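Chains, contacts and geometry: an overview
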Amino acid sequence: MKLVYESDPSGFGGQAVTFRIGEGELLHVLHPAQIIAFRGHAGSRTDRLMNMKGIYRKRKFIRADLAGPCEFVAAMPPSVTLKSINLSDGSDLLYDFKHLFFYTDGVRMETRMLSMKNMMITRDAIKMKFSGEGQIGILTQGQVLELPLLPEEPLYVEAGCVIAYPENAKLELSVYGNHLASQHMKYQWKITGHGTVLIQAGGGGRELERDLDNNDGIVKRFLREAIPFGGVFIK
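To keep things clear, this report deals only with the structure shown in the data block. (Residues numbered from 1 in each chain as written. Predicted model: local features only at pLDDT ≥ 70, side-chain atom pairs only at ≥ 80, totals over all residues. Heavy atoms only, no water.)

**Description of the pattern of salt bridges**
Scanning all chains against the criterion turns up 10 salt bridges. One salt bridge connects lysine 127 with aspartate 96, and the closest N-O pair in it is separated by 3.8 Å. Pair noted here: lysine 127 is in strand 12 (residues 126–132) and aspartate 96 is in the loop between strand 9 (93–95) and strand 10 (100–104), with a separation of 31 residues, a long-range link. Comparing lysine 127 with aspartate 96 shows no difference in burial state: the two are buried. For the salt bridge of glutamate 172 with lysine 170, the shortest nitrogen-to-oxygen distance reads 3.6 Å. One continuous salt-bridge network, built from bridges that share partners, spans Glu110, Arg112, Lys129 and Glu167. (Salt bridge = Lys/Arg side-chain N within 4 Å of Asp/Glu carboxyl O. Helix = DSSP H or I, 4+ residues; strand = E, 2+ residues; numbered from the N terminus. Buried < 20%, exposed > 50% of the residue type's maximum accessible area, 1.4 Å probe, protein only.)

**Observations regarding unusual backbone geometry**
If a residue is not glycine, its phi is most likely negative; likewise, a peptide bond is most likely trans. In this model, glycine 68 is joined to proline 69 through a cis peptide bond whose omega is 5 degrees. Its location among the elements puts proline 69 in the loop between strand 6 (62–67) and strand 7 (70–76).

Spelled out as structure tokens, the structure:
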């Protein structure tokens, strides 16, 4: 299968992805409403009800199975980016099922129950581990980065930006820096382990956009940043 990515240079038009599926290939799409164009035999697409596990995890009922040869175009809204990931045996990354857009035939899914501590951190009871040979498509906000983990030196990542982490990783809810830094910081995942972690770069842009649009005076801005929880009480 081949994917061709096209983006609006202005940055306002979202992302369009063309999927070209070869003879004998089968693709499962979990957001079929995003398909805006199709070329191929009409019988190449079969929509079906997901099983109960899929309905619960995805909060959706229908998936589309597309068999090659055919091609189709999927449209992503401006705030969402599709990232294709090639899987191979030995991958131990755990994903949130809500981020999954597609997977190819041959990809296996295994449910992993999180520890009580990690449930409190991630606000989720289960994660998905994908194995086998094939591709999966992950929906993200902004650019996706792959950062290495070390067993002794922690990596701090804003909690809302983590897409996937290794099954062996150790997670702690934390902040870092001095008192002023930690006071204004969103909660971080303090992660150690082996392998890599996938993060999305779209989470931190909202405050910057707000600051650029903000016409408040210097006194109000100082009070908002200097007083504990000033951003909550001082509008």
